[in-house]
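Residues per chain are reported as follows:
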Amino acid sequence: MEGSVTYDAVVVGAGSAGCIVAARIAERGVNPRTGDRLRIALIEGGPYYFKGGPPRPGYGDPERRRRITNIRFLEFKPQPWPYDGLQNKMVGGCGLHWGGNAYLPFDEDFDHWRQVSGVDWSPEKFAEAKAEITQMYHIHSSILENMNRGNLLFHDAASSLGYKVTPVPMSRYNCINCGYCGSGHFCKYDAKGTTLPYIDLAERNGVEIIPDAEVEKILIEKRGTTPVAEGVRYVRSGQAGELRADKVIVTCGTSGTPVLLLRSGYGPREVLGDRTIVENPNVGKHLDGDIGRSVVCLFDVDLKDGSRGGVERWQLSLTDSQGRHGWMNVQMNDSPNCSVDEMYPHLLAFHPMAPEFGWEHKEFMRTAGKRVGGISVTLRAPDWERGVVDPNGKHLYRRDDPAILKRLDEGAEVALAIIDRMNPRPVRVNRKFPNRYTVSHNVGTCRAGENRKTSVVNSDFECHDVENLFLASGEVVPSGSLGHSHIPICTVAAYAWRRIVANHFSRGTP
Ligand SMILES: Cc1cc2nc3c(=O)[nH]c(=O)nc-3n(C[C@H](O)[C@H](O)[C@H](O)COP(=O)(O)OP(=O)(O)OC[C@H]3O[C@@H](n4cnc5c(N)ncnc54)[C@H](O)[C@@H]3O)c2cc1C
Ligand code: SF4
C-alpha cells in the first residue's frame, strides 16, 4: 500500500526514461543486503490510459485500439503539463506519441557532452545501452517504398546539386502506414517504437505503477549536515500522500524535473531565496535543443497518395564550416509538419498558403492536403547562450541571436536551391523567414557532469548535493544532440539503469 511501506526505489515520472529505468532496475536489480527482489514504485502525474496486453506490432491490442483515436495528444484530456516544451501527461509520457525519427547518439554527441560538462560518458561505455534501445525500439533506416513523391523530389533535386542524402533512421515494426503519425499521434497498431514494451516489462517485474499522482515535492531531510532524499509528497484525487523510499529517481523530463526540484527547495539561491534547502546554481540552467525553421511551398501536383504520411524520408546534413559542433539538417516534409495533423480542415484553412476566401480558398481546401510541402532546416547541437527553465516551467532564452539567425539563413538558402531544382517545381514558395527562432527537443536543465559547479548529477546519475537522489531523463543530457532527443534520452536512461544497478542494487554493494 502506498504511504505505508518503504520502497527500495521510487521512480518519479513514467515517461520515456522513467519506464526504462523502473522496468530494468526491477528486472535486474536486487536488494544489496538480502539479494531479494526490489520493491519499486513508478509514480506518474497523468492517467494510465493505454493499458492492455503486451505490444502486438502491426495489429495492436484490442483494448488499446479502442482508446487510441486518430487525434493528437494535444487533443486528449488531461492536457499536457503547462510547461513549455510540450510534455505529455500520462503513463508512457512523450514516448507514446513522439514522431519516430530515431537517431542513436553519434560519437560527436559524446565529444560534445564531455566538452560541455566533463561527464565521463563515451561510445564504448554506452555500447550495451545503444544495443538495447536499437532492439527495443526497432531502429532501422527509412524504407524507400514508404517514401512519397515529395521525398523523391527532394532526393533527386538535392543529389543533382551534389549533396549526399541519407534516409532518416526510424523506429517502427510492422508499420501499416496509416499516416496518423509523426506529430503527436499515438499508434493504434503498436507499430511505433514506444514506451509500451517497457511498461509491460515493468508490470511483469512487479513495479507498482501509481498513476494520477502529481508529485509536489521531493522530501529532502538533513541527516547531520547531509541533505538526504527520503521519499516524495504527492496529490492524488485531491488527497495528499507521502511515499517513502531508500532511493528517489526523478525522470520528469527537461521541464518537469527542474520544476519539481525547485518546488522541493533545491536549486539556485537567486531563484529560491529563503526557500532554499540545498543550493545548486545549475538546476534549471543550460536549456538546449534544436533550433529550426521551415521553407513551405505549394505544388500543383500531389506529393503523396492516400494517407501515406511521409514520416519516412531523406535528409542531408551540413557540418559547420569552422568544424564547430552544430549540424544543419535539411529534410523534406510532405506537409508543413510531417503528417496528417496540419491537414485537419480547421488548421489547413489558416495555413500561410491558404487564400483568404472565395473559390480559390475552396480549391485550396480541396487539394492542398496532398500538395503543401516544406523543407525543414534544423540547427542541431548549436553553439549558443542556452536558456533557463523558470519555476513555472517557462523556457527563457534569447530568440534572435544574429549568429544563429545567420546560420539558419544559410540552411534556408540550401533548402531554396533544392526547391528551385525540383521537377516539377512548386507554384508558390514562402521565401520570407521570421527573425526569431524557437528551441525544441529540449535537454540539459539538470545536466550530468563531474563538477558540481557546472552540473547537478555525476556521470553515474547520483545527485552531487542530495544523497539517495538520482536524475535520469532529458534534463541530465548535457547538451542538445545531433539527432533529436528521444533516442538519445532513452539511450542515456538505458545506461543510467546499468550504473544504478551496478552501484546500488547488486549483491554486496554498499
Ligand atoms: C509531438 C512530439 C514529437 C516528437 N518527435 C520526436 C521524434 O520524432 N524524435 C525524437 O528524437 N524526439 C521526438 N520528440 C521528443 C521526445 O519525445 C522527448 O524528448 C522525450 O520523449 C522526452 O523523454 P523524457 O523521459 O525526458 O520526458 P517525458 O517522456 O516527457 O516523461 C516525463 C514524465 O514525467 C511525468 N511528470 C512530470 N512532472 C511530474 C510530477 N511532478 N509528478 C509526476 N509525474 C510527473 C510526465 O507526465 C511524463 O510522463 C517529440 C516530442 C513531441 C512533443
Ligand atoms: S504510420 Fe505511425 S501511427 Fe501509423 S501504423 Fe505506422 S507507426 Fe503506427
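Rules and cut-offs
Throughout this description, residue numbers start from 1 for each chain and increase along the sequence as written. For this description, chains carry letters from A and ligands carry numbers from 1, given in the order in which they are written. The predicted origin of the model limits local features to residues at a pLDDT of at least 70 and limits the giving and counting of side-chain atom pairs to 80 or more, whereas totals for whole chains, interfaces and linings rest on all residues. For the side-chain quantities, the full set of heavy atoms in the structure was used; hydrogens and water were omitted. Domain delimitation follows an automatic or database domain assignment. Throughout, a residue-residue contact means that at least one pair of heavy atoms, one from each residue, lies within 4.5 Å. Think of a salt bridge as a Lys or Arg side-chain nitrogen and an Asp or Glu carboxyl oxygen that are within 4 Å of each other. Think of it this way: any DSSP run of H or I at least four residues long counts as a helix, any run of E at least two long counts as a strand, and we number them from the N terminus. Any residue under 20% of the maximum accessible area for its type is buried, any over 50% is exposed, and the rest in between are partly exposed; the area is computed with a 1.4 Å probe on protein chains only. Being paired, for any two strands, means DSSP has found at least two bridges between them. By convention a crossover is right-handed if, when the strands point away from the viewer, the path from the first strand over the helix to the second runs clockwise. Throughout, disulfides are identified as pairs of cysteine sulfur atoms within 2.5 Å of each other. The nearness test applies per residue and asks whether one of its heavy atoms lies within 4 Å of the molecule or strand. Counting of polar contacts relies on pairs of N or O atoms within 3.5 Å, with two restrictions inside protein: one atom must be capable of donating a hydrogen and the other of accepting it, and residues adjacent in sequence are counted only when both atoms are side-chain atoms. Residue-level accessible areas treat just the shown protein chains as cover; the underlying method is Shrake-Rupley with a 1.4 Å probe. Residues are grouped as follows: Ala, Val, Leu, Ile, Met, Phe, Trp, Tyr, Cys and Pro are nonpolar; Asp, Glu, Lys and Arg are charged; every other residue, Gly included, is polar. To estimate how far a helix should extend, the number of its residues minus one is multiplied by 1.5 Å. Joining through side-chain atoms within 4.5 Å is the link that ties buried Ala, Val, Leu, Ile, Met, Phe, Trp, Tyr and Cys residues into a set, and such a set is a nonpolar core. What counts as an axis is a line fitted to C-alpha atoms, over the stretch in contact for a helix, and the angles between N-to-C directions run from 0 to 180 degrees. By definition in this entry, angles of less than 35 degrees are roughly parallel, angles greater than 145 are roughly antiparallel, angles of 65 to 115 are roughly perpendicular, and the rest are oblique. Helix crossings are classified by the rotation of the near helix relative to the far one: an anticlockwise turn of less than a right angle makes the crossing left-handed, while a clockwise turn makes it right-handed.

### Description of the domain arrangement of the protein chain
One frequent convention defines the size of an interface as the accessible area lost when the parts assemble. Considered domain by domain, the protein chain is made up of domain 1 (6-62 + 87-132 + 197-286 + 443-504) and domain 2 (139-172 + 289-385 + 400-436). For domain 1 and domain 2, the distance between their C-alpha centres works out to 34 Å. Counting from both sides, the interface comprises 18 residues of domain 1 and, opposite them, 18 residues of domain 2. Across the contact surface, domain 1 and domain 2 share zero salt bridges. If you tally residues by element for the side of domain 1 that touches domain 2, the top one is helix H3 (residues 107-117), at four residues.

### Let's talk about the pairing of strand S1 (residues 6-12)
When you tally the buried positions in S1, you get six out of seven residues, the bulk of the element. As judged from the six bridges shared by S1 and strand S9 (residues 239-250), these two strands associate in the parallel manner. Its bridge partner lying in S9, Tyr7 is registered against Ala245. Sheet analysis places S1 next to strand S2 (residues 40-43), joined by four bridges and oriented parallel. Along S2, the bridge assignment pairs Val11 with Leu42. In this view, the connection linking S1 to its parallel neighbour S2 by way of helix H1 (residues 16-28) has right-handed handedness.

### Describing the state of the cysteines
Within the structure shown, the criterion is met by zero disulfides. Among the cysteines around Cys252, which has no disulfide bond, Cys446 carries the closest sulfur, lying 10 Å off.

### Some points on unusual backbone geometry
The amide bond that connects Asn423 to the next residue, Pro424, takes the cis arrangement and shows omega of 5°. Phi at Ser237 takes a positive value of approximately 50°, unusual for a residue other than glycine. At His441, a position not held by glycine, the phi torsion is positive, near 50°.

### Some points on the site of ligand 1
Surrounding ligand 1, one finds 37 residues, the nearest of these being Ser16, Glu44, Trp81, Ser485 and His486. Between ligand 1 and Glu44 there is a distance of 2.6 Å, counted from an oxygen atom to a side-chain nitrogen or oxygen. Contact with the protein chains removes 93% of the 1000 Å² of surface that ligand 1 exposes when unbound. Broken down by class, the residue content of the shell around ligand 1 amounts to 13 nonpolar, 21 polar and three charged.

### Quick word on H1
The first and last C-alpha atoms of H1 sit 19 Å apart over 13 residues, in line with the 18 Å expected at 1.5 Å per residue. Most of H1 is tucked away: 11 of the 13 residues are buried. Contacts made by the buried residues of H1 are with S1, S2, helix H4 (127-136), helix H6 (196-204), S9 and helix H12 (486-504).

### Regarding the nonpolar core
Grouped together as the largest cluster of nonpolar side chains are 94 residues, with contacts concentrated most on Ile25, Trp121, Tyr266 and Leu469. The dominant element in this core, judged by the number of residues it contributes, is H12, at 11 residues. Those residues in contact with Trp121, other than ones at most four positions away along the chain, are Phe110, Trp113, Arg114, Phe126, Ala448, Ser459, Phe461, Val476, Pro478, Val492 and Tyr495.

### A word on the pattern of salt bridges
On inspection of all chains with the given rule, the structure shows 32 salt bridges. One salt bridge in this structure joins Asp288 and Arg386, with 2.9 Å as the shortest N-O distance. In this pair, Asp288 sits in strand S12 (residues 288-298) while Arg386 sits in the loop between strand S15 (372-380) and strand S16 (388-389), placing the two residues 98 residues apart along the sequence. Accessibility assignment for this pair places Asp288 and Arg386 in one class, buried.

### Topic: the packing of H4 against H12
Look at H4 against H12: their axes get within 8 Å of each other, and the N-to-C directions meet at 125°. Accordingly, the angle class assigned to the pair H4 and H12 is oblique. Of the two possible hands of crossing, H4 and H12 adopt the one that is right-handed. Residue-level inspection shows Glu128, Ala129, Lys130, Glu132 and Ile133 of H4 in contact with H12, the latter providing Ile487, Cys490, Thr491, Ala494, Tyr495, Trp497 and Arg498. Partitioned by chemical class, the residues of the contact of H4 with H12 number seven nonpolar, one polar and four charged.

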